[in-house]
Amino acid sequence: MEKRILCSARVMTLIVGLGTSMLFSSLVYSAPTTVVGSGAGQQGETVIIPIEFDDGDIDLAAFNITITISDPSQFADFVPMAFNGDEAVSCPAFVPVSNGLMQISCAIPTGIDNEVRYLVEHLSNLPLPSEIDFGRLALEVASDADIGEVVALTLTTESYADPDANTIPPGDSTSGSVEIIDAPPSNLDVNPASIDFGEVFVGALSAEGSISVCNSGEVGSIELLVSDILIDVPQFTLTTGGDCPSLPFTLSQGECCTQNLVFAPDQDQLFPGTLLVQSDAGIVSSDTVALLGAGVAPPVELVFVQSPDYGVAGGPLYGGIEVHVFDTNGDLFTADSSTVVEMSIVTDPSGLAILSGQTQVTVSNGIAVFDDLSIDQVGTGFVLRASDQSGDLDSGDSDAFAVLPLDLLQDRFQALD
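Keep in mind it's a predicted model, so treat the numbers as computed, not measured.

(A) Looking closely at the packing of aromatic side chains. Under the defined criterion, the tally for this structure stands at 7 aromatic pairs. Between phenylalanine 201 and phenylalanine 333 the ring centres are 5.6 Å apart and the planes differ by 55 degrees, which places this aromatic pair in the tilted class. A residue pair is termed long-range when its members are at least 10 positions apart, and phenylalanine 201 in strand β15 (residues 194-201) and phenylalanine 333 in the loop between β27 (321-327) and β28 (340-347) qualify at 132 residues. Exposure remark for phenylalanine 201: the relative accessible area of 35% places this residue in the partly exposed category.

As structure tokens, then:
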């Protein structure tokens, strides 16, 4: 014998396994009239639909609420599944907001792909409430839901009775809806508008530049997908610096990230380029950055363009001394005003000579002039060497010259008198 007892403040039904059904009261109660509300949501958003009793009365200790959804494909978590015994399967979430005297379970009827059924039961160890707030239905709108679609929700209440008995009629049906509304569009905003890397030696790498990529859409706007970042000139490349994730990546409303890049010229010329951020943005405030960099031939050597004609021991070196910084093309490297050139004697026919005067000069526009050097020994075949203190440049040597004795020079001038 199978026994099912449903308790109510006013009615009790006893079903006996012999097929006999008996009502202890001639008064038949329908399930309470329940009202489903309406709402609106954006793609990917959870919409909360209120469900409540219209009069607050509870006629039965247990009853069904069936919600028919006209287009379940518009919701991410509505997955039609068979109901297996008493096991609740995947259903749209229901959040009870009652006083704790009722419990709710969920099922999707077998073979019905657009209905969800909730069983509302009174907790047997607590008194049946006279009034109760029902709850809220939570439906997650699919990320690809159709904008403008209005999904009808039809709610029917019915008693929790043997459907074959036909002793208790179903309750009223009410209709609500969920409207799929268009979210504010994402807004791609890339800054700055331009980056100038300046002059960079051919074969060298510039310091990193940085761009910011932002979704500056209005509050509630949809997520922004950045699919690629393209640069049309290969001398500019993205680096792992910055905090943008690996491509592709997404940015929520108000979110920004930084992407770094560098310039590596391979020729002595100007390089203009453009960086383009590709995305699915509904609005594009800016998506390009103008890039500019100049490749310059690096300085490689020091060259004497003016060597001494001769010198006088302990006196001046005549004819002038001028050293230039040359680049890889053999041209004057005018961008250099910082290299310190140091002068020394590399060939000393006397073996004892000392070089005096200002032996260190900082170049100006690639040129260093030495105008007060002197050698204290006499000899033929002296050679000076110009070197940079950092050792980055190849040294240059002067032409050979002689240093004459002072009295010889004086005799020459006296003979002219």
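(B) Here's a closer look at the state of the cysteines. Scanning the entire structure with this criterion turns up 2 disulfides. Shown here is the disulfide that connects cysteine 214 with cysteine 256, its sulfur atoms set 2.0 Å apart. Looking along the S-S bond of the cysteine 214-cysteine 256 disulfide, the torsion reads about 115 degrees, which is the right-handed sense. Taken together, the residues cysteine 214 in strand β16 (residues 209-215) and cysteine 256 in strand β20 (residues 256-263) connect sequence positions 42 residues apart. Looking at cysteine 256, the relative accessible area reads 42%, which means it is partly exposed.

(C) Quick peek at the sheet that holds strand β23 (residues 288-296). A sheet is described by the order of its strands in space; here 5 strands give the open sequence β15-β23-β21-β17-β19, paired in mixed fashion. The open sheet has two edge strands with one neighbour each: β15 and β19 (249-251). When the angles between neighbouring strand axes are averaged without regard to direction, this sheet yields 30 degrees. Summarising the sheet, β15 and β23 pair through 6 bridges and their orientation is parallel. Bridging from a neighbouring strand, serine 194 pairs with alanine 290 of β23.

(D) Here's a closer look at the side chain of glutamate 115. Locating glutamate 115 in the fold gives a position in strand β10 (residues 115-122). Reaching out from glutamate 115, the side chain makes a polar contact with the side chain of threonine 68 at a distance of 3.4 Å.

(E) How the structure looks around the sheet that holds strand β24 (residues 299-306). Pairing is antiparallel in the open sheet, where 3 strands are placed in the order β24-β27-β31. At either margin of the open sheet sits one strand with a lone partner, and together these are β24 and β31 (367-370). Strand-to-strand twist across the sheet, computed as the mean angle between neighbouring axes with direction ignored, equals 25 degrees.

(F) Inspection of a negative patch on the surface at higher detail. A surface patch of negative charge is lined by Glu223, Asp243, Glu255 and Asp280. Residue position: glutamate 255 is located in the loop between β19 and β20. Using a relative accessible area of 35% as the deciding quantity, one classes glutamate 255 as partly exposed.

(G) Structural context of the environment of leucine 261. For leucine 261, the position within the fold is in strand β20. Taking the C-alpha atoms as reference points, leucine 261 and threonine 239, separated by 22 residues in sequence, lie 5.2 Å from one another.

Calculation notes
Residues numbered from 1 in each chain as written. Predicted model: local features only at pLDDT ≥ 70, side-chain atom pairs only at ≥ 80, totals over all residues. Heavy atoms only, no water. Phe/Tyr/Trp six-rings, centres within 6.5 Å; stacked < 30°, edge-to-face > 60°. Helix = DSSP H or I, 4+ residues; strand = E, 2+ residues; numbered from the N terminus. Buried < 20%, exposed > 50% of the residue type's maximum accessible area, 1.4 Å probe, protein only. Disulfide = S-S within 2.5 Å. Pairing = 2+ DSSP bridges. Axes fitted to C-alpha atoms, helices over the stretch in contact; angles between N-to-C directions. Polar contact = N/O pair within 3.5 Å; in protein donor to acceptor, adjacent residues only side chain to side chain. Patch = residues over 30% accessible without salt bridge, like charges linked within 9 Å, V, L, I, M, F, W, Y side chains within 5 Å. Areas by Shrake-Rupley, 256 points an atom, 1.4 Å probe, with all protein chains shown as cover. Salt bridge = Lys/Arg side-chain N within 4 Å of Asp/Glu carboxyl O. Lys, Arg positive; Asp, Glu negative; His and termini not counted. Charge placed at Lys NZ, Arg CZ, Asp CG, Glu CD.

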